[in-house]
There are 4 protein chains.
Amino acid sequence: MTSFLNRRQFTIEWGHCDPAGIVFNSRFFEFFDWGTWTLFEAALGVKPHELGAVYGIMGIPLVDAGARFIAPARFGDAVELTSRVSEFRRSSFDVAHQLFVHGALAVEGKETRVWATRDAADPSKIKSQPIPSDVLARFEV
Amino acid sequence: MTSFLNRRQFTIEWGHCDPAGIVFNSRFFEFFDWGTWTLFEAALGVKPHELGAVYGIMGIPLVDAGARFIAPARFGDAVELTSRVSEFRRSSFDVAHQLFVHGALAVEGKETRVWATRDAADPSKIKSQPIPSDVLARFEV
Amino acid sequence: MTSFLNRRQFTIEWGHCDPAGIVFNSRFFEFFDWGTWTLFEAALGVKPHELGAVYGIMGIPLVDAGARFIAPARFGDAVELTSRVSEFRRSSFDVAHQLFVHGALAVEGKETRVWATRDAADPSKIKSQPIPSDVLARFEV
Amino acid sequence: MTSFLNRRQFTIEWGHCDPAGIVFNSRFFEFFDWGTWTLFEAALGVKPHELGAVYGIMGIPLVDAGARFIAPARFGDAVELTSRVSEFRRSSFDVAHQLFVHGALAVEGKETRVWATRDAADPSKIKSQPIPSDVLARFEV
């Protein structure tokens, strides 16, 4: 059984790049966030801003993120970002991202996120929740 | 009568700059936002995140912004941003920003903001409110 | 005679939005920059990162930018950005941007840019140049 | 022997935060970049934008970055970012970052960077170089 893979194409903009003429590192983490929302929308058929209401959660907050920068991406580059859940655990999951520049792997990323509700006793705190089985099922392909 | 002027010093960071090696334009509007919050904190003695609670408003949303780019700012430049309210009207006001690089004017900006509450009938809408006289008084120097 | 209009569709991302749940103002200036590059690519048939080499310029630096915020754009909103040159002068031009959220005008922007080369005597300085007539012709529709 | 530690204080801005009211993840990687430049300036006594010229390198490009998000940082929070080199290898090194909100650890980050020159044969490529011993010495405290 493999996990649903989402592909998203976009172009590297001038404002994404730094004085070295390549994408500034923090932008890739912004791209990964785009990728995760798009992946969840594609897998679940739910608009990102409705995810909370549909599943009774406050969101899928990030608890860990990492990236390996293999090759640069430059202004004007057409890139493809692929995103898939690499592991589901009881109440958290990992999303693996790969960004390709002209077909070659340029950046690998990983996010760990939590399926979370607000704590009823203290709404400023969040609490992880078991990921519903129908959500899990939607990611199986 | 002149209006309270706030000064804020900071350094241009690598990630603020674009492939031309100069600050990317959108960053200046981010700096102006920093300037306005700092100005209001200095003038009113209220922490930015407590402004809403203290004055019973939802915030001071931006309705107009503009900038004139006179000279570039570069990575490592020590800059000074000055911000002051150039005009108070009944329920809106203009903030004038000037960014100096090594003492020379590099960017001029202007923001128009509204003193706003949420509409009681439709909380997704905002409504302008008269700016309280004690707020006005705090900006007179 | 009217000027070439470019349309670009995209979705408002989580990371574009601020604690008020709406797009943070500086992001719109980033979007305008996207719009201008896309407009020039569409009108001239030249990739943005090749514009300098093709026309012998260092770029089209921004000297003035402004925006009027009419209605908010929120996470998940499908937006359309239209961009066209509203006026060409000898060596500078204005780009008018309009951002529509679900078909309604939400933000109007204007950029003034210069057709520029590096100063031969001092490459750290830029010099405006007459915009070539074949560039002007490409924008007429 | 321990490694030089740099401390940097700043305030979380409105534009750093997302609709959940907390700092958007990519911003932390921007903060880490600020931290590394400030650390190198403090340890070496060289302005960041002069680092390349002083040491004959093109820079200290990032090849790996990661963060663990332990607690949120919010608009108006006074934060302290500490940065130090946790390991020097022959031609690369790790920078460990810790961000404290009101004294409590909120985010831990790690960057791996390379001491790099441009490849003489192909300037679009970069090549790692042995880190000079006088650089290493400057980080020992």
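Above this text sits the structure in question.
Residues numbered from 1 in each chain as written. Chains lettered and ligands numbered in written order. Predicted model: local features only at pLDDT ≥ 70, side-chain atom pairs only at ≥ 80, totals over all residues. Heavy atoms only, no water.

Q: Help me out: how do you make sense of the relation of the copies chain C and chain B in this one?
A: The relation between the two chain copies is a rotation about an axis coupled with a shift along that axis. For the match of chain C to chain B, the screw axis carries a shift of 0.0 Å, the RMSD comes to 0.0 Å, and the turn is 180°. Here the symmetry operator amounts to a two-fold rotation axis. Minimal C-alpha distance to the rotation axis in chain C is attained by C:Gly66, lying at 1.9 Å. (Least-squares fit on C-alpha atoms with pLDDT ≥ 70 in both.)

Q: In this structure, what is going on with the sheet that holds strand β1 (residues 5–11) of chain B? I would like to understand it.
A: Whether parallel or antiparallel, the strands of a sheet pair through hydrogen bonds between backbone atoms. If you walk across this open sheet you meet the 10 strands as β1(B)-β3(B)-β4(B)-β5(B)-β2(B)-β2(C)-β5(C)-β4(C)-β3(C)-β1(C), and the pairing is antiparallel. Whereas interior strands pair on both sides, the edge strands pair on one side only; in this sheet they are β1 of chain B together with β1 (5–11) of chain C. If you compare each strand with its neighbour and ignore which way they point, the axes differ by 15° on average. Sheet topology places strand β2 (residues 62–69) of chain B next to strand β5 (residues 104–114) of chain B; seven bridges connect them, and they run antiparallel. What sits directly across from B:Asp64, in β5(B), is B:Thr112. (Pairing = 2+ DSSP bridges. Helix = DSSP H or I, 4+ residues; strand = E, 2+ residues; numbered from the N terminus. Axes fitted to C-alpha atoms, helices over the stretch in contact; angles between N-to-C directions.)

Q: It is not clear to me how the sheet that holds strand β3 (residues 78–88) of chain A should be interpreted in this structure. Could you clarify?
A: Overall, antiparallel pairing links the 10 strands, which are arranged β1(A)-β3(A)-β4(A)-β5(A)-β2(A)-β2(D)-β5(D)-β4(D)-β3(D)-β1(D) in an open sheet. Lying at the two open borders of the sheet, with one neighbouring strand each, are β1 (5–11) of chain A together with β1 (5–11) of chain D. Taken pair by pair, the neighbouring strands of this sheet meet at an average axis angle of 15°, ignoring direction.

Q: Would you explain the packing of helix α1 (residues 25–44) of chain B against helix α1 (residues 25–44) of chain C in this entry?
A: Helix-helix packing is characterised by the crossing angle of the two axes and by the distance between the axes. At a closest axis distance of 8 Å, the pairing of α1(B) and α1(C) adopts a crossing angle of 170°. One finds that α1(B) runs roughly antiparallel with respect to α1(C). Residue-level inspection shows B:Asn25, B:Ser26, B:Phe29, B:Glu30 and B:Asp33 of α1(B) in contact with α1(C), the latter providing C:Asn25, C:Ser26, C:Phe29, C:Glu30 and C:Asp33. Residue composition of the contact of α1(B) with α1(C), grouped by class: two nonpolar, four polar and four charged. (Parallel < 35°, antiparallel > 145°, perpendicular 65-115°, else oblique. Contact = heavy atoms within 4.5 Å. Nonpolar A, V, L, I, M, F, W, Y, C, P; charged D, E, K, R; others polar.)

Q: Where do I start with unusual backbone geometry in this structure?
A: Most peptide bonds take the trans form, and the phi angle of most residues other than glycine is negative. Residues and elements named next belong to chain B. Although it is not a glycine, His-102 sits at a positive phi angle of roughly 50°. For His-102, the location among the structural elements is in the loop between β4 (92–101) and β5. Residue classification places His-102 among the exposed residues on the basis of a relative accessible area of 62%. (Buried < 20%, exposed > 50% of the residue type's maximum accessible area, 1.4 Å probe, protein only.)

Q: So what exactly am I meant to see when it comes to the pairing of β5(B) here?
A: One face of the sheet, then the other: side chains in a regular strand alternate in exactly this way. All names here are of chain B. Note that β4 and β5 share 10 bridges and pair antiparallel. Residue pairing for β5: Val-95 is matched across the bridge by Glu-111. Taken together, β4 and the strand that follows it, β5, pair antiparallel across an intervening segment of two residues, in which His-102 is found at a positive phi of about 50°.

Q: Quick question: what am I supposed to make of the packing of aromatic side chains here?
A: Between two aromatic rings, the relevant description is the distance of the centres plus the angle of the planes. All names here are of chain A. Taken as a whole and assessed by the stated rule, the structure comprises 58 aromatic pairs over all chains. A ring pair is formed by Trp-14 and Phe-75, whose centres lie 5.4 Å apart and whose planes are at 75°; its orientation type is edge-to-face. Residue Trp-14 is located in the loop between β1 and α1 (25–44), and its partner Phe-75 is located in the loop between β2 (62–69) and β3; the two are separated by 61 residues in the primary sequence. Residue Phe-75 is classed as buried on the basis of its relative accessible area, which comes to 10%. Taken together, Phe-10, Phe-28, Phe-31, Trp-34 and Phe-69 form an aromatic cluster joined through their ring pairs. (Phe/Tyr/Trp six-rings, centres within 6.5 Å; stacked < 30°, edge-to-face > 60°.)

Q: In this structure, what is going on with the environment of D:Leu39? I would like to understand it.
A: Residues and elements named next belong to chain D. Residue placement: Leu-39 occurs in helix α1 (residues 25–44). Along the primary structure Leu-39 and Asp-94 are separated by 55 residues, whereas in three dimensions their C-alpha atoms are 12 Å apart. Residue contacts for Leu-39: discarding those within four places in its chain leaves Phe-4, Asn-6, Ser-83, Arg-84, Val-85, Val-95 and Phe-139.

Q: Before we go on, may I ask you to explain the interface of chain A and chain D in this structure?
A: Many structure descriptions define interface size as the accessible area lost when the parts assemble. Counting residues at the interface gives 16 residues for chain A, matched by 16 residues for chain D. For the pair chain A and chain D, the summed buried surface comes to about 1400 Å²; carbon and sulfur atoms form 55% of the total. At the boundary of chain A with chain D, the tally comes to zero salt bridges. Residue assignment for the side of chain A that touches chain D shows that the elements contributing at least two residues are α1 and β2 of chain A. (Buried area = accessible area lost by both parts, 1.4 Å probe. Salt bridge = Lys/Arg side-chain N within 4 Å of Asp/Glu carboxyl O.)

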